[in-house]
Amino acid sequence: MRAGIGFLGKLTGRYRSLVVDSLLALGYAGAGLLLGQERPPAGWQAVDGLGAVLTVLVGLVLLARRIAPVGVFATSSALWILFIACGYWPVINSMPPLLGLYTVAATRHLRTSLVCAVVVAGTWVYAGLGNADNSSMPTVLAQAVLFPAVVFVVGRGSGRLAERNRQFAELTFQLRRQQEENARQALTEERVRIARELHDVVAHHMSVISLQAGMASYVFPTNPAVSRQALDTIARTSREALEEMRRMLVLLRVGQEGPPEGQVDPADAHADSDCDADADADADDGPEDDGAYAPAPGLDLLDRLVERVRGAGVQATMEVIGSPTPLPQGMALCVFRVIQEALTNVLKHAGPTRAAVTIRYESRALVVSVTDEGSGNSVPDKVITPGHGLIGMRERAKIYGGTVTAGPRALGGFEVRLVLPSPTDGDRPDPLPTPGLGDVRSR
């Protein structure tokens, strides 16, 4: 697709160049014919049929000036010299050779350009000598030096500018391709990381199913009611495990990235988080003594996360609004990771400030917002390339049909907002621990 677009762009550029050169050729030929209708200066004869033919040929040669600049210059100069030798006024056909010199100077080496400039100067002197009785030789010599020199300098400068523009365009294309590759790599790495965490969630569910199945088998002869409760737990947990497994497979399926959700604006830059932030996130997963097989963090660890942020110098508070709704473990992990990433960005970009975490339980959605008041040294309009943090938050929210937005606040500071649809009644698991009451105000 990209190759086709590039070919179409080149074809359009060539067509545009051909149109421009055609207009120039016709314009020079027409101007020469009109100028030839005037009475020439003393010593030159009026343009007749032969002169008109030569004038048209000198102009039409310019059609190929981009294809063969040196050949076009040589042909137009030869026709110009023949025009002068026939006794016609040289000024009539002087512009096409000068344009040919400009093209050679802009597209060919210095030595070739100098030779062409000398040819133009020599032709000008030859025209002056052919009508020496009616010409001022100092004026002729000045024109022979000045006109080719100006055209030569302008042509060389235009050629260097065109070459720099070509190099800049190539570098821009390479940079854009590298940025796209980095974004794809970051997306892949983040999806693999999320898949590992979802794998832990599924493994946890399978452990619960195994324990409940063993207990049901053990108590079935003596206590059918407890056995029935265990089977209900197995059914509910297995459905949730299958749903998490489906989400993990969709996440890892090749070619499911889909089109970008929208262009990244400068506001997203505040949500930037590189590998160092990822490392910070890993360090904040849970208690300090957690090992490699610790359960995935959930809402029960938010108090500890906020406390660690306070210890780093940010006056952080947390508020829960509405009646807490039990969340699937994967969705709870998503909420924890987004809050963790947003608070990490507050530490990195805002420094010592105030931050507020709000968890709002609505009838059809769970809304989480992390806001900060910013710092005095922050520049709201500064454009910074977004890193992996925002990509990770959006990917996590997308798994559960949610969205993440990030941008500056009207009153200053920054806000990260997560919106997740509420789980259906059939998908709701047993209640999970909700955040503690430290600095949490419920209403």
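Residues numbered from 1 in each chain as written. Predicted model: local features only at pLDDT ≥ 70, side-chain atom pairs only at ≥ 80, totals over all residues. Heavy atoms only, no water.

Undergrad: A description of the pattern of salt bridges should follow, citing residues and the corresponding values.
TA: According to the stated counting rule, one finds 9 salt bridges in the structure shown. Residue Arg-65 is joined to Asp-21 by a salt bridge in which the shortest nitrogen-to-oxygen separation is 3.0 Å. Of this pair, Arg-65 sits in the loop between helix 2 (49-60) and helix 3 (69-85) while Asp-21 sits in helix 1 (residues 2-36), and the two are 44 residues apart along the sequence. Among the residues examined, Asp-21 registers a relative accessible area of 2% and is labelled buried. Here the residues in one salt-bridge network are Asp-21, Arg-65 and Arg-66, joined through shared partners. (Salt bridge = Lys/Arg side-chain N within 4 Å of Asp/Glu carboxyl O. Helix = DSSP H or I, 4+ residues; strand = E, 2+ residues; numbered from the N terminus. Buried < 20%, exposed > 50% of the residue type's maximum accessible area, 1.4 Å probe, protein only.)

Undergrad: Give a description of the packing of aromatic side chains that names residues and reports values.
TA: This structure, assessed with the given rule, holds 3 aromatic pairs. Aromatic side chains Trp-124 and Phe-147 sit 5.3 Å apart centroid to centroid with 80° between the ring planes, which places their arrangement in the edge-to-face category. Within this pair, whereas Trp-124 is found in helix 5 (residues 110-130), its partner Phe-147 is found in helix 6 (residues 137-219), the two being separated by 23 residues in sequence. On the basis of relative accessibility, which here comes to 11%, the residue Trp-124 falls in the buried class. For Phe-147, a relative accessible area of 33% translates into the label partly exposed. Through a chain of ring-to-ring contacts, three or more aromatic side chains come together here, namely Trp-80, Trp-124 and Phe-147. (Phe/Tyr/Trp six-rings, centres within 6.5 Å; stacked < 30°, edge-to-face > 60°.)

Undergrad: Explain the sheet that holds strand 5 (residues 414-421) to me, and be specific about the residues and the numbers.
TA: Within the open sheet, the 5 strands sit side by side as 1-2-3-5-4. Their pairing is mixed. Each edge of the sheet is formed by a strand with only one pairing partner; in this case those strands are strand 1 (315-321) and strand 4 (403-408). Sheet twist, expressed as the average angle between the axes of neighbouring strands with direction ignored, equals 10°. Sheet topology note: the strand 3 (residues 365-372)/strand 5 ladder contains 8 bridges and is antiparallel. Within the sheet, the bridge partner assigned to Val-368 lies in strand 5 and is Leu-418. Most of the contacts of helix 9 (residues 302-311) go to strand 1, to which it runs at about 155°, and overall it touches strand 1 and strand 2 (354-361). (Pairing = 2+ DSSP bridges. Axes fitted to C-alpha atoms, helices over the stretch in contact; angles between N-to-C directions. Contact = heavy atoms within 4.5 Å.)

Undergrad: Quick one: what's the story with the nonpolar core, residue by residue and with numbers?
TA: Counting residues in hydrophobic clusters, the biggest one holds 41 residues, and the most contacted among them are Val-335, Ile-339 and Leu-420. Residue assignment for this core shows that the elements contributing at least two residues are helix 9, strand 1, helix 10 (329-350), strand 2, strand 3, helix 11 (388-399), strand 4 and strand 5. Excluding anything up to four places from it in sequence, Ile-339 contacts Leu-302, Leu-305, Val-357, Ile-359, Val-368 and Val-370. (Core = buried A, V, L, I, M, F, W, Y, C linked by side-chain atoms within 4.5 Å.)

Undergrad: Before we move on, can you summarise the confidence of the model for the protein with the specific residues and values?
TA: For the protein, the mean per-residue pLDDT works out to 76, and 75% of the residues sit at or above 70. Taken as a whole, residues 378-386 scores under 50 in pLDDT and shows 7 contacts with residues more than four places along the chain or in a different chain. Predicted confidence is poor over residues 425-443, with pLDDT under 50, and the contacts of this stretch with residues over four places away or in other chains come to 44 contacts. (pLDDT = per-residue confidence, 0-100.)

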